[in-house]
Structures are given as C-alpha cells and as structure tokens.
Amino acid sequence: MSGELLAFYVLAGAAVAGALCVVLPPFGRNPLHAALALLATLAFVAGVFVILSAHLVAVLQVLVYVGAVMVLFTFVVLLLNLRREEFIGARVTPWKVGAVAAAAVFAVKTARAVVAAATGARAADLAAPGLETYGGIRDVGRELVTTYLFPFELTSILLLVAILGAVLIARRREGGAP
Amino acid sequence: MVKGQVATLLYVIVFAPLAGAVVNGLFSRWLSRRFVSAAGVGAPFLSFAAALYSFVGLMGLRGQEPEFTAVSTTLFSWISTGPISIDFSLYLDPLSMVMTLVVTGVGSLIHLYSVGYMHGDPSYARYFSHLNLFMFSMLLLVLGRSLLLLFVGWEGVGLCSYLLIGFWFSDMDKAIAGKKAFIVNRIGDFGFLLGMFVLLFWMGGTLDIPALRDAVTSPDSRIASMTGAVTVVTLCLFVGATGKSAQIPLYVWLPDAMAGPTPVSALIHAATMVTAGVYMIARLNFLFVLAPVTMAVVAGVGALTALFAASIGLAQNDIKKVLAYSTVSQLGYMFLGVGMGAFGAGIFHLMTHAFFKACLFLGAGSVIHAMHGEQDIQKMGGLARSMPITRATFLISCLAIAGVPGLSGFFSKDEILYGAFVLRHGSGAVAPWLGKLYFALALAAALMTATYMFRLYFLTFSGEMRSHDAHPHESPATMTIPLILLAAGAIAAGWVGLPDEKWNLFHHYLEPVFAWSGERIVSTGNHALEFTLMGLSSVVALTGIGLAWLMYRGAWRDEPERIARALPRLYRAVFNKYYVDELYAFLFVRPLQRLSRWSFRWVDAGLVDGVLVNGSARSVRGVGLLTRMMVNGDVQAYAVAVFVGLAVLVWWMF
Amino acid sequence: MTSIPLSHVLVLALALFTIGAVGVMTRRNLLVVLMSIELMLNGANVAFLGFARWHGDSLAHAAVFIVMAVAAAEVSVGLALAMALFRHGRTVDVDRSTRLKG
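The structure presented is a predicted model; accordingly, all values stated were derived computationally and were not measured.

Scanning chain B from N- to C-terminus turns up 26 helices and four strands. Split into buried and exposed, the 654 residues of chain B put 56% on the buried side. Residue pairs at least 24 apart in sequence account for 81% of intrachain contacts in chain B once pairs closer than 6 positions are excluded. Accessible surface, chain B: about 26,400 Å² in total, of which carbon and sulfur atoms supply 69%.

Below, the structure written as structure tokens:
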C-alpha cells in the first residue's frame, strides 16, 4: 500500500468521523462543538482534495470553508448564545426513524451499486503526458473564464444577492417591530 | 281543395291558443290589460272560427264523398326509433270535429265571460295565459292522430288544471286542492301509460289511431283475436279515464277542484277536460268493443258513479260543490253510454252537458260574483229579482240537466238510458240483466239529479234573501252574453239528436266513426219501447222537480230537516261525502306520507345526504386532514419526504 | 504510482452526503442543520473531484469552485435567517418554528 493510499484512508476515515460528530447527538447537542467538528471535517476533506490532485480547490476549501464559513458559523453560535436546555428532550419521532431508515437504504444500495460499477475500472494516471498542470490555478482558471464563464459570472450575481439578502434578513426591523 | 284548406286550418285551430298563451305568458309585463284581453279571448275565438269553417267546408263534401270524411296533416316526425315511428300529426274526423267545436265554442264563451269575472284580479294575464294553454292542450288531445300525442294533450290539460285550480295559490287550501287534482290524475295517467305500453309492445300494435283502427277492423285481424290482451289494454286505459273524468274510485279530486276560479270550473271541470276520458273511449271504440268485460266495467262504473255522486249532491250546501258532484254524476252517464256501446249517445250527452253545465257554472259564477264570494246556498235566496238574466239561464240549464222534455239534456240522457236498457254486447259475454240493473241505477240517479238541481235553484233564486249584508246585482254584459248563448245551446243542442233514425242528425254525422263497433252491439229495442222509456224518464224528472219544490218551496218545507233528524247517520254520511276522502286518507295518503317521511329521514337525509353528499365531503376533508399532517410546517418532514423518495428511486434503480 | 480506487472515493462522498442528509432530517437546531447541508455539499464535491481525477480532466474543479460559492451564499443567507428566526421566537429549534403550518 502506497503512502498516498494510506493517507487517503486516514483522511477519509477522519472526515467521516468528524461528520458523525457533527450530526450525532452527544457532540452536536452543543452547536459550538458541532461547529468545531465540522471545521475538522472540512479540513480533512481539504486533505482528501490534495490527494486527489485538486490543489486549487483544496486551498479554496481551506480559505472559504475553514476560514470564512466556519468563522461565520462560530460567530453566529456565540452570538445567539443558546442555552443547553433549549434542546433537551430530543424525541424519537416516526419522521426521524423513517429518515434514518431511508438514509440507510440509500447509502447501502448506492454504495453497492457504486462499488459494483467501479471495481475493475481503469485507474486514473496523472503521469500521462499533458497532465502535469492538473488541478492547478492555470488550468482551473482557464476553464472558469472559458467553458464556465457564464456560470462564473452568475455566481458573482448570486453572491451579491446573498449578501444583500443576508443583510436584509438579519437586519433589525426599524421601529422595533418583530 | 277544401280538405287542403282544412288541413292548414287545423294548425290555426291548435296553435292559435298556444300563441295566445305565449304572448300573455311571456310578454304580459309590457302589454296593456286591453291587449291581454284581446289576445286571450281572440285566440280561442280564432280557433272556433277556423273549426266552424272546417265543419261547414267538410259538410259540403259529405254529398260527394260518402266514404269516411277525415282530414289529416303531419307537422313533423316526432319519434322515429326502430320499429316505432310517431309523427306529430293532427287528425280531424267527425268525432274530433264535434269535440273541437264543443271545446272551442264553449271555451271561447268562457274566455269572454272571464274578462268580466276576473277583471280585478292582479294575475289577469297569467290567468288568460293558463286558460289559453289549456285550450291548446285540449285541442291537441282532441286532434292528436297518435295515442301518444293524445296523451301529451292529456297531460297538458292535467297540468293546466293544476295551475288553474291552484290559481290563487297563496291560499293554502287551494294550492292543496290543485296538488290533489294533479296527484289523483297521475294515478290514472299511470294506467293510461301502461295501456299504451301494452298496446305497443305486447300487441305489437301502433299508437296511430287510424292505423290501429285499420289493423283491428281488417277481416284477418290478429288483434281482434287477442281478447285477453285487449281487455288488459282497455282496462288500463279506462283507469286513465277514471282519473281524468272523475269516476269512482278517482273522482275525489273534482269537488276539491272547485277551488279554482269559477270560469275554470266551467271550462275544465265541467265542459271539456273531464270529458276527455269519454272522448278517449269513443275514439278507441273499435278496441273497447272487442273487450266485453271492459265495456261492462265501464258501464258499471259509470252507472254507480252517476248514482253515488248524485246522492252526495243532495246534501251539499256549496253552490259549486253541488255542481261538481252533478258533473261527476253526469260523466257517469256518459260512461254508462259508451260502456253499453251507445258511443254516439255518450258523445251526444257530452256535447249537451258541455252547454248546460258550462251555463250552470257560469251562472253560479255570476251569483258568486254578485254575492261577493259567498258560495253557501243556505245564505242565498231571492236572487231572481236582482239577477233576472242569470236566473233565467240558470233555470233553463236546470231544466235541461233534469231531463225535462224538449231541452237538450232530455234527448241525450234519454238516449243513454234507452241504450242501457236495450243494448247488449254481441259476444253475449255479459249477462243480459246487467243492462237493466244499470238502467235502474241511472234512473234513480236521474230522479236525484232533478231533485238536487232544483233544490239548488230554489235555495238560490227563489224565496227571500237569507243574508243581510249582500247587495246582489246583475253581472256585466261580458258575463251575461255567454250565459245567454250557452242557455240557447242548452235548449237547442238536443234537437240535432232526435230519437228517430231519420232525424238523428248527430248520429248520422258520427256514423262513420262508430259503424264498425255498432255492428258488434245488439239492440233489442223498438220505437214503442223507446217512447215508453222517454215517458218514464220525463215522469221521473218532473217528480224530482216536484219533490224539490215541495221540500224547498211548498208544503213539505220541514221535510229535509225531519229526514236529516230521523236518519242522522245516513245524513251525516251523505253530508260528509260518505267519508271517501277520509277513507283514502287512511288507506293511501297517510301510509304514503309515513313512507315518504321514512324515506326522507333514512334514504334522503341518511343515505343521500349523509353518506353520499356529506360523506364525500367528509372523505375529502379526511384526506385533507391526512395530507395536512404532511404539510405541517416542519421543514425536516419535507426533507424526509424528499429523501424517502430518493431512497425509493435508488431501490428501484439498483 | 498507485492510484486510489474510484469506488473508495465515491464511498467517501456517499458517506459524507448520507451523514449530512441524516443531520438535515433529524437535528432540531437550525445551525446544525445548516452545518449538515455543508456536509452534503462537501460529499458532492468529493464525488466531483474523484471523477475529475479519474477522467484526468480538471473541468469539474471549476464546478466545485461554483458549488463553493453557492455554499457560501447559502450559509450567509441561512445564518441570517437563523438570526431572524431567533429574534422572532427566541429559538432556532426547527420543530417549534412551524408558523408556516398549513
């Protein structure tokens, strides 16, 4: 087993464990703990991205998620300063049972199908000619301003709207109305 | 040439009243009262003129065409489905000619009379619209070539009768009387319908009357041999006739029908509509004559009704009720006539009765008009002085209905009595003594008729006024002119049917219609017997009048009281019309009401409303409540729904 | 050079996605729900990049870039909503925020 493969499994296992920590009650009961678990998960996923030769995306993952998004999360969690008792008395409702069952069915079925389909498939080889720059800023940047130019520009509009919307929604109403 | 003209005129005869009804019924809001009167009265007069022209024109043809004189015209093909084909055709033969003349003639006079009688009514236009619609339906009944078209008219007159009896519908009793007439008639109509179905589907017959007649009278007729089926058909049709013509057991609606305006009683419940049953039997004489049992039943019901209704008439105090029972009784005579096979006599009596009974009713209307709505004859009296014209015409009609020699009723009633005495069905299926029994019943009824009519006359017109706050006056000319004309008819109408082979013009005229049936009726009479019976019935009539005079004007003035006291039970029974209404209420009406209430509560309220109507609403609401649980505002529930869908999709795909 | 089996990458993506979905469906704290959505998006990104590597084509990286932008926008709006919700009812419990109940 090569070092790369080993690193992948370690990072993947850590990411899944972190994800479970976000979702499962003992950790997630306190949103701050959940936020920290998410932070770790996203970092591990960034590592996975590196192993998948997606260097630019890995950097962006760290910058955008681990940096901006998680700061925002933590900020809000602390701002709201939720008391623990607000979320005690978690109930097991039929909805949740159904949700977990559906998730299990989905995961198992899809995993089996994916494994069955991808086993024995040709492996990726980045050593092939012309792929030295794979995942770098030059390549991805070119794609963004050529093939994906329109979605790229749309994204900027989306972000603008999101900023405006967030400001509008989070703003305290004048006159003290609810 | 003439026939072509008449064929066109048939449309005028039938549709002129319909036009009047439409104009007055739909556009009266924009019409002046004068125009309403002109249209309402003009339409039947136009019909009458056309009928008269047709009559004269066809009479002119009689010399040239010794054969059957009939005119037929088809407006359109009405029902055409497989083996059944029924046209909207009108058919004018001597029988329907007589009926048309009677209906339009008497009807026109009554329309004219109505102008005076109804002058202050707020629903003046509605009244004329209904009356014209009645004329249209009646003429359709008379002139319809097919039995089905006849039935359309039959139902139409029933509807108009209902509308006009309940004309003053804001009075609950009157509305109920209209309903009663309609429902009782429906029972009879069911019989009529059944008869038509049997005729059409069992006997493979046709409903076209002339075609049916040809099928029956042809030498190798199949129908003529089906005595049982013919008996069923004719009995069913007769049930219809008892409803429309107020015979036992369905006569109960007619006395109540007096709730309508008096001209309506004169037109519908005396002169025209109630004779429809007699007309129908005469129309289908060739069929009835094949069923001796039915004939005997018809005659028997007629004789019984004549006697029964006359006896009730003896004790009634409402001027219109007396006339109503008198009408029932006289219709019994007509049925006796046609039942014995004296079809011509039955129709003859129908015609004379139309004159004198219409005159009597209109006279009664005039009296009621003068008395400001009072109808109790015990509160009248002495009206002869203040209403000379009404009194004279009323007296003439009373004499006519009583059967005083020389007046119309005498000839026609006598012919029926004579027929009952001497005629036998040719098949010999009916016992010979039955006719004699009917004769006896009818003679007794004749005595009573004379008595109650003159009781009515004396109580109303002679003696002293028994009411203090009445100031009677003679009616206006629009009311007295019809009275005079009808009284003239009551005198003269009998002379067309003199009791002599040679001079009985009426029978000669109707000969073609009844000839075939006449061959199947055996007569054992002769001239001497006929004149003897005439004498007998004259004596009976005069006796009846004499009795009435003695009891209400002469020496026996206390007798009615004494009889009533001596036989209290009998008097009460007669006064209360033998409790027939109560009996029907007990036997039919109340069980039906209970059944209706039950079905209302359980079938309608329970099943239809509860399960079907509200049940479907409830189930929709239930589904709504269920689905509302999904739309509970819980975003996560929606997410679960989406994800479950995804899981199902994955499960299905892999 | 040994390469990572594509199926393993995809299983990782699947695991992240499913865990995130379960979180979205079961957690009551709106903030944790938003975090779970981030997990799901990351699962999708992993799958994108796994396939990209397998194809040796970096086109999908651009897609991931856009997904990230969308996620950032979503988080900012979502957190704003959470704050508004909290101000409104002193809670971010989605079970109790059923004002839109039909």
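Tallying secondary structure elements over chain C gives three helices and zero strands in all. In sequence order, chain C lays out its α and β elements as α-α-α. Counting every position in chain C, which comprises 102 residues, the buried fraction comes to 65%. The long-range share in chain C, meaning contacts at least 24 apart out of those at least 6 apart in sequence, stands at 56%. Carbon and sulfur atoms form 70% of the exposed surface of chain C, whose accessible area is close to 3,400 Å².

What follows deals with the interface of chain B and chain A. In this assembly, 10 residues from chain B lie in contact with 10 residues from chain A. A buried area of about 990 Å², summed over both sides, lies between chain B and chain A, and 86% of it is on carbon and sulfur atoms. For chain B, the biggest contributors to the area lost against chain A are Val 640, Phe 643 and Phe 654 of chain B; these three give 42% of the whole. Put simply, chain B and chain A have zero salt bridges between them. Run the count over chain B and chain A and you get zero residue pairs in polar contact (both at pLDDT 80 or more). Its residues placed into classes, the side of chain B that touches chain A shows nine nonpolar, one polar and no charged.

To continue, consider the pattern of salt bridges. All names here are of chain B. Summed over all chains, the structure comprises nine salt bridges over all chains. Across the pair Lys 180 and Asp 581 runs a salt bridge, and its minimum N-O distance is 3.0 Å. Separated by 401 residues along the polypeptide, Lys 180 in helix 6 (residues 172-202) and Asp 581 in helix 25 (residues 580-630) bring together distant segments of the chain. Its relative accessible area of 29% is what places Asp 581 among the partly exposed residues. A salt bridge links Arg 186 to Asp 189, with the nearest nitrogen and oxygen atoms 3.6 Å apart.

We now examine the packing of helix 1 (residues 3-23) of chain A against helix 3 (residues 31-51) of chain A. All names here are of chain A. The geometry of helix 1 relative to helix 3 is characterised by a closest axis approach of 8 Å and an angle of 160 degrees between their N-to-C directions. The angle between the axes of helix 1 and helix 3 places the two elements in the roughly antiparallel class. Judged by the sense of rotation from one axis to the other, the crossing of helix 1 with helix 3 is left-handed. Facing Glu 4, Ala 7, Phe 8, Leu 11, Ala 12, Ala 14, Ala 15, Gly 18, Ala 19, Cys 21 and Val 22 of helix 1, the residues of helix 3 in contact are Ala 34, Ala 37, Leu 38, Thr 41, Phe 44, Val 45, Gly 47, Val 48 and Ile 51. Partitioning the contact of helix 1 with helix 3 into residue classes produces 16 nonpolar, three polar and one charged.

Before going further, it helps to spend a moment on empty space enclosed by the protein. Unoccupied space between atoms shows up once a probe the size of one water molecule is rolled over them. Residues and elements named next belong to chain B. Considering all chains together, one arrives at seven cavities of 30 Å³ or more under this definition. Counted as a void, the largest cavity has a volume near 130 Å³. Looking at the largest cavity, it is lined by 14 residues, and the ones nearest its centre are Gly 339, Met 340, Arg 424, His 425 and Val 430. When residues of the lining of the largest cavity are traced back to their parent elements, those giving at least two are helix 13 (292-313), helix 14 (319-340), strand 3 (423-425) and helix 19 (432-461).

A word on the packing of aromatic side chains. Residues and elements named next belong to chain B. What the rule picks out here adds up to 31 aromatic pairs over all chains. Taking the centre distance of 5.6 Å and the plane angle of 75 degrees together, the rings of Phe 55 and Tyr 509 count as edge-to-face. Linking Phe 55 in helix 2 (residues 33-62) with Tyr 509 in helix 21 (residues 505-518), this pair joins segments that are 454 residues apart in sequence. Pairing Phe 454 with Phe 458 gives two aromatic rings, centres 5.9 Å apart and planes at 50 degrees, and the pair type is tilted. A residue pair is termed a helical-turn pair when its members lie 3 or 4 positions apart in one helix, as Phe 454 and Phe 458 do in helix 19 at four residues. One aromatic cluster is present, built from ring pairs that chain together Tyr 11, Phe 15, Phe 76, Phe 88 and Phe 136. In this arrangement the basic side chain of Arg 29 is found over the ring face of Trp 30, its NZ or CZ atom lying 6.0 Å from the centre. A cation sits over an aromatic face here: Arg 520 above Trp 516, 3.8 Å from the ring centre.

As a further point, take the environment of Leu 148 of chain B. With respect to the element layout, Leu 148 of chain B can be found in helix 5 (residues 147-165). The residues touching Leu 148 of chain B, leaving out its near neighbours within four places in the chain, are Trp 78, Ile 79, Ile 86, Met 196 and Leu 207 of chain B.

Moving on: the interface of chain C and chain A. Taken residue by residue, the interface counts 74 residues in chain C and 85 residues in chain A. Interface of chain C and chain A: buried area, both sides summed, is about 7,100 Å²; carbon and sulfur atoms make up 76% of it. On the chain C side of the interface with chain A, the three residues burying the most area are Met 35, Arg 53 and Met 68 of chain C, jointly 10% of the side's total. On inspection of chain C and its partner chain A, the count reaches one salt bridge.

Quick look at the pairing of strand 1 (residues 71-81) of chain B now. A regular strand carries its side chains on alternate faces of the sheet. Residues and elements named next belong to chain B. Pairing geometry for strand 1 and strand 2 (residues 84-92), over nine bridges, is antiparallel. Within strand 2, the residue paired with Thr 81 across the bridge is Ile 84. With antiparallel pairing between neighbouring strands as the criterion, strand 1 and strand 2 make up a hairpin whose turn holds two residues, including Gly 82 at a positive phi of roughly 55 degrees.

Quick look at the side chain of Thr 100 of chain B now. Residues and elements named next belong to chain B. The residue Thr 100 is located in helix 3 (residues 94-117) in this model. Thr 100 sits in the buried class, given a relative accessible area of 0%. The contact partners of Thr 100, leaving out residues within four places of it in the chain, are Ile 13, Ala 51, Leu 92, Gly 105, Leu 139, Val 142 and Leu 143.

All names here are of chain B. Counting residues in hydrophobic clusters, the biggest one holds 210 residues, and the most contacted among them are Ile 281, Leu 284, Leu 287 and Ile 347. Counting residues per element, this core draws most heavily on helix 15 (residues 343-370), at 18 residues. Those residues in contact with Ile 281 that lie beyond four places of it in its chain are Phe 238, Ala 241, Phe 288, Val 298, Phe 335, Val 338 and Phe 343.

Tracing the chain through its elements places Ala 162 of chain A in helix 7 (residues 149-170). Once you skip the residues sitting within four places of it in the chain, Ala 162 of chain A turns out to touch Ala 73, Ser 76 and Val 77 of chain C.

Turning to helix 15 of chain B, a few remarks are in order. All names here are of chain B. Between its first and last C-alpha, helix 15 extends 40 Å over 28 residues, near the 40 Å set by a 1.5 Å rise per residue. A maximum bend of about 30 degrees is found in helix 15 at His 353. With 27 of 28 residues buried, helix 15 lies mostly within the body of the structure. A positive backbone phi angle near 60 degrees is found at His 372, which sits one or two residues after helix 15.

Rules behind the numbers
- Residues numbered from 1 in each chain as written.
- Chains lettered and ligands numbered in written order.
- Predicted model: local features only at pLDDT ≥ 70, side-chain atom pairs only at ≥ 80, totals over all residues.
- Heavy atoms only, no water.
- Helix = DSSP H or I, 4+ residues; strand = E, 2+ residues; numbered from the N terminus.
- Buried < 20%, exposed > 50% of the residue type's maximum accessible area, 1.4 Å probe, protein only.
- Contact = heavy atoms within 4.5 Å.
- Areas by Shrake-Rupley, 256 points an atom, 1.4 Å probe, with all protein chains shown as cover.
- Buried area = accessible area lost by both parts, 1.4 Å probe.
- Salt bridge = Lys/Arg side-chain N within 4 Å of Asp/Glu carboxyl O.
- Polar contact = N/O pair within 3.5 Å; in protein donor to acceptor, adjacent residues only side chain to side chain.
- Nonpolar A, V, L, I, M, F, W, Y, C, P; charged D, E, K, R; others polar.
- Axes fitted to C-alpha atoms, helices over the stretch in contact; angles between N-to-C directions.
- Parallel < 35°, antiparallel > 145°, perpendicular 65-115°, else oblique.
- Left-handed = near helix turned anticlockwise from the far one by under 90°.
- 1 Å grid on protein atoms, 1.4 Å probe; cavity = no way out; pocket = protein on both sides within 12 Å on 5 of 7 lines; lining within 4 Å.
- Points joined across faces, edges and corners; volume = space filled by probe spheres on them.
- Phe/Tyr/Trp six-rings, centres within 6.5 Å; stacked < 30°, edge-to-face > 60°.
- Lys NZ or Arg CZ within 6 Å of the ring centre and 35° of its normal.
- Pairing = 2+ DSSP bridges.
- Core = buried A, V, L, I, M, F, W, Y, C linked by side-chain atoms within 4.5 Å.
- Expected span 1.5 Å × (residues − 1).
- Bend = angle between axes of the 7 residues up to and from the residue.

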